[in-house]
Amino acid sequence: MRKLVRAAAPRAADTDGTGTGGVGLAQRLAGLSEEDRDHVVLDLVRTHAAAVLGHASADAVEPDMAFKKLGFDSLIAVDLRNRLNAAPGLRLPATLVFDYPTPTELAAHLRTEVVPDTGAADAPVLAGIDRLEALLSSVGTDDDRRTRVTLRLNAMLANWGDIRVASEPVVPPQDLDTASDEEIFDFLGKEFGIS
């Protein structure tokens with residue numbers, strides 16, 4: 001009878017549920033490209049999905065097939081959520097596979113949870129700059145128009161620099177009696193916005 005039932009492998013070394021022996025998912029993803037991150041997280045989702053469904057390998061879980069078609073019910077969904085929740089820093093809802101109905105969609109969500117896309121906050125600004133570049137190409141060769149636009153762009157860049165400088169704290173020299181001329185002029189320049 002013992003030969004019929006395989007003993008469960010000990011999971012003591014796998015403290016974060018990622019199959020990496022305790023190395024956190026965020027650490028694994030840290031130095032990877034976005035494409036590699038997607039691949040690693042998708043493999044993680046497929047591996048855990050295969051395990052809760054009783055499959056021997058992740059190959060049995062197609063990335064774009066709905067969890068429901070793969071055989072998930074609410075209990076299996078919670079089991080998958082619990083396995084994925086073992087990764088440090090994750091607190092996933094019980095409705096996870098219903099909110100993200102395919103392994104690919106779930107992997108994309110997990111990747112943004114573990115390694116937030118810092119470029120997303122800059123995206124509207126960068127898109128606006130792209131539109132501005134396209135508009136600038138339509139200015140043509142009229143020197144007066146180009147001069148007006150250039151002056152306006154320079155003023156905008158100067159304001160952008162002033163905002164950054166204003167947000168940096170101005171620290172006066174520790175002792176004005178022993179401060180060099182360079183330290184004093186640097187302090188005055190920062191304090192009064194003189195460059």
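The rules behind each value
Residues numbered from 1 in each chain as written. Predicted model: local features only at pLDDT ≥ 70, side-chain atom pairs only at ≥ 80, totals over all residues. Heavy atoms only, no water. Helix = DSSP H or I, 4+ residues; strand = E, 2+ residues; numbered from the N terminus. Buried < 20%, exposed > 50% of the residue type's maximum accessible area, 1.4 Å probe, protein only. Contact = heavy atoms within 4.5 Å. Areas by Shrake-Rupley, 256 points an atom, 1.4 Å probe, with all protein chains shown as cover. pLDDT = per-residue confidence, 0-100. Expected span 1.5 Å × (residues − 1). Polar contact = N/O pair within 3.5 Å; in protein donor to acceptor, adjacent residues only side chain to side chain. Axes fitted to C-alpha atoms, helices over the stretch in contact; angles between N-to-C directions. Parallel < 35°, antiparallel > 145°, perpendicular 65-115°, else oblique. Left-handed = near helix turned anticlockwise from the far one by under 90°. Nonpolar A, V, L, I, M, F, W, Y, C, P; charged D, E, K, R; others polar. Core = buried A, V, L, I, M, F, W, Y, C linked by side-chain atoms within 4.5 Å. Salt bridge = Lys/Arg side-chain N within 4 Å of Asp/Glu carboxyl O.

1. Considering the overall build of the protein chain
Thinking step 1. The helix and strand inventory of the protein chain stands at nine helices and zero strands.
Thinking step 2. Counting helices and strands in the order they occur from the N terminus, the protein chain gives α-α-α-α-α-α-α-α-α.
Thinking step 3. Out of the 195 residues belonging to the protein chain, those deemed buried represent 25%.
Thinking step 4. Relative to all contacts within the protein chain whose residues are 6 or more apart in sequence, the contacts with residues 24 or more apart total 44%.
Thinking step 5. About 14,000 Å² of surface is accessible on the protein chain, with carbon and sulfur atoms providing 56% of the total.

2. Overview of the confidence of the model for the protein chain
Thinking step 1. Considering every residue of the protein chain, the mean pLDDT works out to 75; 70% of them sit at 70 or more.
Thinking step 2. No element of the protein chain has a lower mean pLDDT than helix H9 (residues 181-192), which averages 70, and none a higher one than helix H3 (residues 67-70), which averages 92.
Thinking step 3. The model gives residues 7-22 a pLDDT under 50, and that stretch makes 28 contacts with residues more than four places away or in other chains.

3. Description of helix H4 (residues 74-85)
Thinking step 1. When the terminal C-alpha atoms of H4 are compared, their 16 Å separation across 12 residues agrees well with the 16 Å that a helix rising 1.5 Å per residue should span.
Thinking step 2. Within H4, burial applies to Ile76, Ala77, Leu80, Arg81, Leu84 and Asn85.
Thinking step 3. Lining the buried residues of H4 we find helix H2 (34-53), H3, helix H5 (96-99) and helix H6 (103-114).
Thinking step 4. Regarding H4, its N-cap is Asp73, as a side-chain oxygen of that residue lies 3.1 Å from the backbone nitrogen of Leu75 further along.

4. Examining the packing of H2 against H4
Thinking step 1. It is at 9 Å that the axes of H2 and H4 come closest, and there the two elements cross at 135 degrees. One way to sum up the angle between H2 and H4 is to call them oblique. In this structure, the crossing between H2 and H4 has a hand that is right-handed. Between H2 and H4, the contacting residues are Leu44, Val45, His48, Ala49, Ala51, Val52 and Leu53 on the first element and Ile76, Asp79, Leu80, Arg83 and Leu84 on the second.
Thinking step 2. Looking at the contact of H2 with H4 residue by residue, the classes come out as nine nonpolar, one polar and two charged.

5. As for H2
Thinking step 1. Under the 1.5 Å per step criterion, the end-to-end length of H2 is 28 Å for 20 residues, consistent within 8% with the ideal 28 Å.
Thinking step 2. Taken together, the buried positions of H2 are Arg37, Val40, Val41, Leu42, Leu44, Val45, Arg46, His48, Ala49, Ala50 and Val52.
Thinking step 3. Looking at the buried positions of H2, the neighbouring elements they touch are helix H1 (25-30), H3, H4 and H6.
Thinking step 4. Positive backbone phi, approximately 85 degrees, marks Gly54, located one or two places after H2.

6. Looking at the nonpolar core
Thinking step 1. Formed by 27 residues in total, the largest nonpolar core has its most connected members in Phe67, Phe72, Leu80, Leu84, Leu106 and Leu110.
Thinking step 2. At the level of secondary structure, the elements contributing two or more residues to this core comprise H1, H2, H3, H4, H5 and H6.
Thinking step 3. By residue number, the principal contributor to this core is H2, which donates eight residues.
Thinking step 4. Discounting chain neighbours no more than four positions away, the residues touching Leu106 are Val45, Phe67, Leu80, Leu84, Leu96 and Tyr100.

7. Regarding the pattern of salt bridges
Thinking step 1. Taken as a whole, this structure holds three salt bridges when the rule is applied.
Thinking step 2. Arg111 is the salt-bridge partner of Asp38, the closest N and O atoms lying 2.6 Å from each other. Taken together, the residues span a long stretch of sequence, with Asp38 in helix H2 and Arg111 in helix H6 at a distance of 73 residues.
Thinking step 3. Residue classification places Asp38 among the partly exposed positions, given a relative accessible area of 34%.
Thinking step 4. By relative accessible area, Arg111 is classed as buried at 9%.
Thinking step 5. Two residues, Arg83 and Asp79, come together in a salt bridge whose shortest N-O distance is 3.7 Å. With Arg83 and Asp79 both in helix H4, this residue pair falls four residues apart, about one helical turn.
Thinking step 6. The class of Asp79 is partly exposed, set by a relative accessible area of 32%.

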